[in-house]
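Descriptive analysis of the structure
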Amino acid sequence: MNMQPMTGVQPPPPPNRIEEMRLPVVMMRDILIKTIFRKNLDLVSDIAEAVCLPRAVTQEIIDLARTQKLVEATGTLHANSGGEMGFQLTDAGRARALDALSQSEYFGPMPVPLDVYREQVKRQSIRNVAITREQLTKAMGHLVLPPALLDHLGPAVSAGRSILMYGPPGNGKSSISNGIRDAMGDKIYVPRAIEYAGQVITVYDPIVHSAAETETDDPGSLRRRRTFDTRYVRCERPTVITGGELSLDMLDLVYNPVARTYQAPLQLKSTGGIFIVDDLGRQKEPPQNLVNRWIVPLEESKDILALQSGEKFEVPFDTLVIFSTNFHPNEIFDKAALRRIFFKIKIDGPSQADFLKIFSLVARKKGMPLDEAALIHLIKAKYPTIKNVYANYQPVFLIDQMIAICEFEGIPYQMTPELIDRAWANMFVREEEIQH
């Protein structure tokens with residue numbers, strides 16, 4: 001495996017000529033004239049920025065549209081923009097723009113052909129990321145975890161294969177998933193849109209992708225080389241988190257009948273990053289069905305999507321999938337499905353020693369003084385009533401309850417056996433109160 005240093009993702013090179021675009025010429029011309037029409041642009045530098053291409057390539061497409069009498073020079077040089085020549089649509093160009101918009105409302109950034117995108121996915125594959133114990137420990141620094149847990153997590157993350165985390169609720173499975181994302185730390189390139197069979201599929205989504213930086217051409221220089229193809233956005237590795245709302249149709253292409261374009265499904269948006277299926281077993285779909293949908297992608301690193309026409313095509317699947325559940329795996333999966341999930345990691349509640357460590361950390365952070373008598377009462381009188389089962393969420397819950405009581409009573413923050421009893425009563429419902 002070709003391991004890269006954390007900063008070593010190779011950027012997509014910008015195209016230098018129209019032939020390097022590998023897009024249908026008519027499609028490029030139409031997106032250009034739709035963009036000029038919709039955004040009312042007349043300078044090559046502004047048009048180039050809008051379609052996310054170098055100026056030289058943009059000029060080639062403008063020249064092509066000029067030979068077809070769709071664009072004409074305005075004959076005015078703009079003094080405030082380095083003496084650039086202005087361009088405008090002809091009557092035939094406006095008619096063509098309207099016709100093209102009736103076929104697809106898409107305008108703006110030129111899409112990246114699917115085959116070109118595949119090459120970039122390989123360059124920035126999640127399986128190329130080498131995560132060290134130090135990076136993982138640092139990313140999990142805010143969590144109190146048994147050292148053996150990192151022994152299991154480290155190889156799972158570095159392999160970039162699927163992970164199933166299971167165990168009782170309230171023990172930080174979601175926090176651990178987020179810590180894994182933070183440990184990755186490097187940047188990748190996400191296409192604004194990709195093209196397949198003349199169809200545009202938008203991929204970049206500001207809700208999922210956090211842009212690291214953007215790049216623009218210097219309007220005063222035709223020679224300045226961009227360091228990467230700006231049809232992509234340089235981003236943190238994406239993280240998609242879904243919970244009980246996840247359904248199978250969310251993993252299909254979304255067609256917008258008004259714009260006549262497609263939106264990438266969640267797993268395609270998470271390419272090069274992490275897809276977290278939280279609370280597995282709480283969705284409407286049986287967990288077995290959800291995992292069956294992932295089997296081909298997980299095993300073959302490719303996913304199959306379908307266009308409105310029914311035509312199916314392959315897209316890269318390069319995602320670390322983390323399933324998280326409060327159920328025992330044997331309750332929700334058959335053996336074949338379990339075999340296909342590469343790493344299975346049990347996340348247990350803390351030991352008594354770790355529980356006390358978490359409790360004192362939370363108390364210090366929230367300004368609650370520790371009290372020995374109250375702690376002894378909690379450990380000796382309260383926990384035996386629930387068979388001494390500790391959970392990571394309990395310290396925060398109990399301390400927040402005591403803070404709320406102190407604030408209501410108008411007394412300084414304090415911890416007493418009596419306040420522990422009042423906080424404890426809100427954490428559990430007594431069996432005799434449950435009416436059937």
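Calculation rules
- Residues numbered from 1 in each chain as written.
- Predicted model: local features only at pLDDT ≥ 70, side-chain atom pairs only at ≥ 80, totals over all residues.
- Heavy atoms only, no water.
- Helix = DSSP H or I, 4+ residues; strand = E, 2+ residues; numbered from the N terminus.
- Rg over C-alpha atoms; globule rule 2.2 N^0.38 Å.
- Buried < 20%, exposed > 50% of the residue type's maximum accessible area, 1.4 Å probe, protein only.
- Contact = heavy atoms within 4.5 Å.
- Areas by Shrake-Rupley, 256 points an atom, 1.4 Å probe, with all protein chains shown as cover.
- Lys, Arg positive; Asp, Glu negative; His and termini not counted.
- Charge placed at Lys NZ, Arg CZ, Asp CG, Glu CD.
- Axes fitted to C-alpha atoms, helices over the stretch in contact; angles between N-to-C directions.
- Parallel < 35°, antiparallel > 145°, perpendicular 65-115°, else oblique.
- Left-handed = near helix turned anticlockwise from the far one by under 90°.
- Nonpolar A, V, L, I, M, F, W, Y, C, P; charged D, E, K, R; others polar.
- 1 Å grid on protein atoms, 1.4 Å probe; cavity = no way out; pocket = protein on both sides within 12 Å on 5 of 7 lines; lining within 4 Å.
- Points joined across faces, edges and corners; volume = space filled by probe spheres on them.
- Core = buried A, V, L, I, M, F, W, Y, C linked by side-chain atoms within 4.5 Å.
- Pairing = 2+ DSSP bridges.
- Polar contact = N/O pair within 3.5 Å; in protein donor to acceptor, adjacent residues only side chain to side chain.
- pLDDT = per-residue confidence, 0-100.
- Phe/Tyr/Trp six-rings, centres within 6.5 Å; stacked < 30°, edge-to-face > 60°.

A tally of helices and strands in the protein chain yields 16 helices and 17 strands. Compactness check: the protein chain gives a C-alpha radius of gyration of 28 Å against a globular reference of 22 Å for 436 residues, more than 25% above the reference. The dimensions of the protein chain, computed from C-alpha atoms along their principal axes, are 90 × 50 × 45 Å. Counting the 436 residues in the protein chain, one finds 49% classified as buried. If you take every contact in the protein chain between residues at least 6 apart in sequence, the share linking residues at least 24 apart comes to 74%. Within the structure as shown, the protein chain displays about 21100 Å² of accessible surface, and the carbon and sulfur contribution to it stands at 53%. If you average the places of the 50 positive and of the 53 negative side-chain charges in the protein chain, the two averages end up 3 Å apart.

So, about the packing of helix 15 (residues 394-409) against helix 16 (residues 417-427). Helix 16 packs onto helix 15 with a crossing angle of 120° between their chain directions and a minimal axis gap of 9 Å. Judged on the interaxial angle alone, helix 16 and helix 15 are oblique. Helix-helix and strand crossings are classified by hand; for helix 15 and helix 16 the assignment is right-handed. Of helix 16, the residues touching helix 15 (which contributes Gln394, Phe397, Leu398, Gln401, Met402, Ile405, Cys406 and Glu409) are Leu419, Ile420, Arg422, Ala423, Trp424, Asn426 and Met427. Of the residues that constitute the contact of helix 15 with helix 16, the class distribution is ten nonpolar, three polar and two charged.

This part takes up the layout of surface pockets. Estimated volume of the largest pocket: approximately 390 Å³. Around the largest pocket, the lining comprises 17 residues; the ones closest to its centre are His142, Leu143, Ile358, Val362 and Val396. Elements with a contribution of two residues or more to the lining of the largest pocket: helix 8 (173-184) and helix 13 (352-366). Top element by residues in the lining of the largest pocket is helix 13. It accounts for five residues. For the lining of the largest pocket, the per-class residue count stands at nine nonpolar, six polar and two charged. When its volume is computed, the second largest pocket comes out at roughly 320 Å³. As for the second largest pocket, its lining consists of 16 residues, and the residues nearest its centre are Met27, Lys34, Gln103, Ser104 and Gly198. Elements supplying a minimum of two residues to the lining of the second largest pocket: helix 1 (25-39), helix 4 (91-103) and strand 7 (199-202). At five residues, helix 1 tops the list of elements feeding residues into the lining of the second largest pocket. Across the lining of the second largest pocket, the residue classes break down as eight nonpolar, four polar and four charged.

Counting 28 residues, the largest nonpolar core has Leu32 and Met110 as its most contacted members. Elements with a contribution of two residues or more to this core: helix 1, helix 2 (44-51), helix 3 (55-67) and strand 2 (84-89). It is helix 1 that provides the largest number of residues to this core, a total of six residues. Look past the residues within four positions of methionine 110 in its chain and what remains in contact with it is Met21, Leu23, Met28, Ile31, Leu32, Val51, Leu53, Ile61 and Arg231.

Let us now look at the sheet that holds strand 12 (residues 261-263). With respect to topology, five strands assemble into an open sheet ordered 3-6-7-12-11, the strand pairing being mixed. Both edges of this open sheet fall to strand 3 (112-113) and strand 11 (254-256), since each of them pairs with a single strand only. Summarising the sheet, strand 7 and strand 12 pair through two bridges and their orientation is parallel. Paired with isoleucine 201 across the bridge in strand 12 is tyrosine 262.

Right, let's get into the side chain of asparagine 171. Inspection of the secondary structure assignment puts asparagine 171 in the loop between strand 4 (163-166) and helix 8. Judged by its relative accessible area of 2%, asparagine 171 falls in the buried class. Looking at asparagine 171, its side chain comes within polar contact range of the main-chain oxygen of proline 168, at 3.3 Å. There is a polar contact of 2.8 Å between the side chain of asparagine 171 and the backbone nitrogen of asparagine 392. If we ignore the near neighbours within four places in the chain, the residues touching asparagine 171 are Ile347, Asp348, Gly349, Pro350, Tyr390, Ala391 and Asn392.

Strands sit in the order 10-13-16-4-17 across an open sheet of five strands; the sheet is parallel. Here the strands that pair on one side only, and so sit at the sheet edges, are strand 10 (239-242) and strand 17 (343-346). Neighbour to neighbour, the strand axes of the sheet diverge by 15° on average, direction disregarded. Sheet strands in contact with helix 7 (residues 147-159) are strand 4, strand 16 (320-325) and strand 17, and its direction is about 155° off that of strand 17. Contacts from helix 10 (residues 287-300) reach strand 13 (274-277) and strand 16, with the element oriented near 155° to strand 16.

Let us now look at the confidence of the model for the protein chain. When the pLDDT values of the protein chain are averaged, the result is 88; 91% of them are 70 or greater. Looking over the protein chain, one finds the lowest element-wise mean pLDDT in strand 8 (residues 211-213), namely 67, and the highest in strand 3, namely 98. When the criterion is pLDDT under 50, residues 219-224 qualifies, and its contacts beyond four places in sequence or with other chains add up to nine contacts.

All told, the structure shown has twelve aromatic pairs when counted by the stated rule. Ring geometry for tyrosine 255 versus tyrosine 262: centroids 4.8 Å apart, planes at 50°, classification tilted. You can call tyrosine 255 partly exposed: its relative accessible area is 26%. For tyrosine 262, a relative accessible area of 4% translates into the label buried. With 5.9 Å between their ring centres and 40° between their planes, phenylalanine 355 and phenylalanine 359 make a pair best called tilted. A residue pair is termed a helical-turn pair when its members lie 3 or 4 positions apart in one helix, as phenylalanine 355 and phenylalanine 359 do in helix 13 at four residues. Grouping residues by exposure puts phenylalanine 355 and phenylalanine 359 together as buried. An aromatic cluster is present here, built from Phe355, Phe359, Tyr383, Tyr390 and Trp424 joined pairwise through their rings.

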